[in-house]
Amino acid sequence: MLIAVVVACAAVAHASEAPDAVAREFIKAVYSNDKAGFDKTIVPTPRAEILVGKQPLSFSDLNAVAREAAAMEFEVVQPFTLNGKRAAADEKGEYPVGTRLRYMTGFRGTPLIVTMRRTAAGWKVDPRWWLAMAEQGPEPKPKPGTPDFAIKAFVTAAVTNNRDDAARFLVPNSDMSVVFAEAPAEPDPSDQTVALAIEMPLVEIPPGELYALPSGQIVEGSRPDAAEKLFVGLYGAIELPFVVQRTAREWRVVAEPYFKLLNRQ
């Protein structure tokens, strides 16, 4: 009986652990090559183990990682969200299972976005965007005709104010006035906006997860074989959901007022 009580108390304590504390432990585990610690902090995700190195660190290097992780600061860049809408906590300050939250932080000079998800076991890191970034590599080259290619080509055209190119990657007969509503008169002269579009990690969303499009419409993910899919990208710290539709030979993006979100950059 005593053992059962201790286990129950430990589970409650873990469930109430602050999301930034879990995010800190996640980053510490990644940079310490700590696979066991990493597994404890994430939503189980296929292939996520590639984010953790296999080479053991020295005692001094582990201490350095621990010190730097303890000093990290976390800024909320996307508030508590559930099914595409703002989430509310209960009287105990707990959020419903499925609630998402995003932080911006940095480690050793590298800016990092950490996506959190509230699970039945407490807050966990959703590593899918980190995994997408790792798998695409430092020089992303999506294959023409794929959803990734259409999305990144469309966003690149949009942020450079190239309406003709943008139209090529949208579903036929899209309303360009919707797409370019609130677009700046002149595109950003720097290369940053294009780099963010090309490097944007994209995650295909499965059934059961809901996101809000820039128009406010709530959409659900779909099966891998569906002719219409939902992808969510991270354009810097900005969450960009995209609905794509399969045409005869390629995928196209459904028109949405994306500058409502892009202008936040």
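Above this note sits the structure.
About the thresholds
- Residues numbered from 1 in each chain as written.
- Predicted model: local features only at pLDDT ≥ 70, side-chain atom pairs only at ≥ 80, totals over all residues.
- Heavy atoms only, no water.
- Salt bridge = Lys/Arg side-chain N within 4 Å of Asp/Glu carboxyl O.
- Helix = DSSP H or I, 4+ residues; strand = E, 2+ residues; numbered from the N terminus.
- Buried < 20%, exposed > 50% of the residue type's maximum accessible area, 1.4 Å probe, protein only.
- Core = buried A, V, L, I, M, F, W, Y, C linked by side-chain atoms within 4.5 Å.
- Contact = heavy atoms within 4.5 Å.
- Pairing = 2+ DSSP bridges.
- Axes fitted to C-alpha atoms, helices over the stretch in contact; angles between N-to-C directions.
- Parallel < 35°, antiparallel > 145°, perpendicular 65-115°, else oblique.
- Nonpolar A, V, L, I, M, F, W, Y, C, P; charged D, E, K, R; others polar.
- Phe/Tyr/Trp six-rings, centres within 6.5 Å; stacked < 30°, edge-to-face > 60°.
- Lys, Arg positive; Asp, Glu negative; His and termini not counted.
- Polar contact = N/O pair within 3.5 Å; in protein donor to acceptor, adjacent residues only side chain to side chain.

**Student:** For this particular structure, what's the right way to read the pattern of salt bridges?
**Tutor:** Opposite charge on two side chains permits them to pair, given that their charged atoms come into close proximity. Counted by the stated rule, this structure contains 13 salt bridges. Residue Arg-102 is joined to Glu-239 by a salt bridge in which the shortest nitrogen-to-oxygen separation is 2.4 Å. Of the two residues, Arg-102 is situated in strand S3 (residues 100-107) and Glu-239 in strand S10 (residues 238-246); the sequence distance between them amounts to 137 residues. In terms of burial, Arg-102 and Glu-239 fall into one category: buried. Salt-bridge contacts for Glu-250 lead to Arg-252; the nearest nitrogen and oxygen are separated by 2.9 Å. Taking relative accessible area as the criterion, Glu-250 reaches 31% and is therefore assigned partly exposed. The exposure class assigned to Arg-252 is buried, which follows from its relative accessible area of 17%. Through salt bridges with shared partners, a single ionic network connects Arg-117, Asp-126, Arg-128 and Glu-209.

**Student:** Looking at this model, I keep getting lost on the nonpolar core. Mind explaining?
**Tutor:** Within the largest apolar cluster, 31 residues are counted, with the highest numbers of intra-cluster contacts made by Ile-151, Phe-154, Val-155, Tyr-235, Leu-240, Phe-242 and Val-253. Among the elements of the structure, helix H6 (147-159), helix H8 (176-179), helix H9 (192-199), strand S9 (228-235), S10, strand S11 (251-253) and helix H10 (259-262) are those that each provide at least two residues to this core. Looking at this core element by element, the count peaks at eight residues for H6. If near-sequence neighbours (up to four positions away) are discounted, Phe-242 is found in contact with Ile-151, Phe-154, Val-155, Met-200, Leu-202, Lys-229, Leu-230, Phe-231, Gly-233, Val-253 and Tyr-258. Counting residues in each nonpolar core, the second largest holds 26 residues, with Ile-27, Leu-101, Leu-112 and Trp-130 among its members.

**Student:** How do you make sense of the sheet that holds S11 when you look at a structure like this?
**Tutor:** Strands belonging to one sheet form pairs held by backbone hydrogen bonds; the direction of such a pair is parallel or antiparallel. The four strands are arranged S6-S9-S10-S11 in an open sheet whose pairing can be described as antiparallel. With one partner strand each, in any of the chains shown, strand S6 (202-204) and S11 form the two edges of the open sheet. Across the sheet, the axes of successive neighbouring strands diverge by a mean angle of 35°, strand direction being ignored. Each of S6 and S9 touches helix H5 (residues 128-136); the most contacted strand, S6, lies at about 120° to it.

**Student:** Whenever I open this one, the packing of H6 against H9 confuses me. Can you help?
**Tutor:** The relative placement of two packed helices is expressed as an angle between their axes plus a distance between the axes. In contact at an axis separation of 8 Å, H6 and H9 are set at 170° when each is read in the N-to-C sense. One element, H6, and the other, H9, form an angle in the roughly antiparallel class. In contact with Lys-152, Val-155, Thr-156 and Val-159 of H6, H9 contributes Thr-193, Val-194, Ala-197, Ile-198 and Glu-199. Across the contact of H6 with H9, the residue classes break down as five nonpolar, two polar and two charged.

**Student:** Help me out: how do you make sense of the packing of aromatic side chains in this one?
**Tutor:** What describes a pair of aromatic rings is the distance from one ring centre to the other and the angle between the planes of the rings. One pass over the full model with this rule turns up ten aromatic pairs. A ring pair is formed by Phe-74 and Tyr-103, whose centres lie 5.5 Å apart and whose planes are at 70°; its orientation type is edge-to-face. Of this pair, Phe-74 sits in the loop between helix H4 (59-70) and strand S1 (75-82) while Tyr-103 is found in strand S3, placing the two residues 29 residues apart along the sequence. Phe-74 gets classed as buried once you look at its relative accessible area, which sits at 18%. Their ring planes at 25° and their centres at 4.9 Å tell us that Phe-242 and Tyr-258 sit as a pair that is stacked.

**Student:** Would you mind showing me how to read the side chain of Lys-124 here?
**Tutor:** Mapped onto the fold, Lys-124 is located in strand S5 (residues 122-125). No salt bridge forms around the buried Lys-124; measuring N to O, its nearest opposite-charge neighbour Glu-17 is 7.4 Å away. One polar contact links the side chain of Lys-124 to the main-chain carbonyl oxygen of Lys-40, over a distance of 2.5 Å.

**Student:** In this structure, what is going on with the environment of Ala-18? I would like to understand it.
**Tutor:** Examined against the element boundaries, Ala-18 turns out to sit in the loop between helix H1 (2-15) and helix H2 (19-32). Accessibility expressed as a relative area gives 35% for Ala-18, which makes it partly exposed.

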